[in-house]
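# Observations on chain architecture
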Amino acid sequence: MARGIRIGIGVDVHPLAAGRRLVLGGVEIPYERGLAGWSDGDVLVHAIMDAALGASGLPDIGTHFPPGDERYRDARSLDLLREVRGWVEARGYRAAQVSAVIVAEAPRLQPYVARMRAHLAEALGLAVEDVGVQVTTAEGLGAVGRGEGIQAFAVVLLEPL
């Protein structure tokens with residue numbers, strides 16, 4: 001089935017909510033609020049999953065892991081990413097590179113980026129050097145800029161196995 005390199009883009013955003021853990025890239029980050037969601041709400045991992053699924057021609061994560069399905073309540077998104085990796089590989093591809101951006105006003109995320117990259121690289125079977133994670137703010141613009149949520153964008157490059 002594999003016909004050459006493929007690229008996919010993914011985007012996710014979740015509101016921040018009291019009483020939730022903040023998990024990004026599989027790293028729990030100390031903060032007074034976490035991301036609301038059916039799973040752990042890890043927008044970074046969700047964006048990467050959608051990018052990989054899209055590049056391989058598969059439906060989005062909501063189709064594979066529907067909200068409301070008890071199997072995925074509070075699920076670790078890194079575990080779901082490992083499942084997505086298996087589906088992508090079954091279609092004759094593997095991730096070659098990931099580049100992602102997290103948009104958040106707070107908390108400060110830079111101290112956690114190296115651990116995020118390591119978790120993502122392990123889950124995707126990549127070298128850490130093949131996983132890029134940048135962090136930025138929305139400069140006070142929109143819901144993310146007002147600190148109401150966190151958003152992530154990701155691009156995944158797939159290559160034939």
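Up top is the structure these notes are about.
The structure contained in this document is the topic of the report that follows. (Residues numbered from 1 in each chain as written. Predicted model: local features only at pLDDT ≥ 70, side-chain atom pairs only at ≥ 80, totals over all residues. Heavy atoms only, no water.)

## Here we look at helix H4 (residues 113–124)
- The end-to-end C-alpha distance of H4 is 16 Å, a good match for the 16 Å that twelve residues give at a rise of 1.5 Å each.
- Listed as buried for H4 are Val113, Met116, Leu120, Ala121, Ala123 and Leu124. The buried residues of H4 occupy an angular sector of 165° when projected down its axis, which confines them to one face.
- The inward-facing, buried residues of H4 contact strand S2 (22–24), strand S3 (27–29), helix H1 (43–55), helix H3 (77–90), strand S5 (93–103) and strand S6 (131–136).
- Positive backbone phi, approximately 70°, marks Gly125, located one or two places after H4. (Helix = DSSP H or I, 4+ residues; strand = E, 2+ residues; numbered from the N terminus. Expected span 1.5 Å × (residues − 1). Buried < 20%, exposed > 50% of the residue type's maximum accessible area, 1.4 Å probe, protein only. Arc of directions from axis to C-beta. Contact = heavy atoms within 4.5 Å.)

## Brief notes about the nonpolar core
- In terms of nonpolar packing, the biggest core is built from 48 residues, with Leu24, Leu44, Ile48, Leu81, Met116, Leu120 and Ile150 touching the most fellow members.
- Elements with a contribution of two residues or more to this core: S2, S3, H1, H3, S5, H4, S6 and strand S7 (149–160).
- Per-element accounting of this core gives the leading share, ten residues, to H1.
- Residues contacting Leu120, with those up to four places away along its chain left out, are Leu44, Val45, Ile48, Leu78, Leu81, Val131 and Val133. (Core = buried A, V, L, I, M, F, W, Y, C linked by side-chain atoms within 4.5 Å.)

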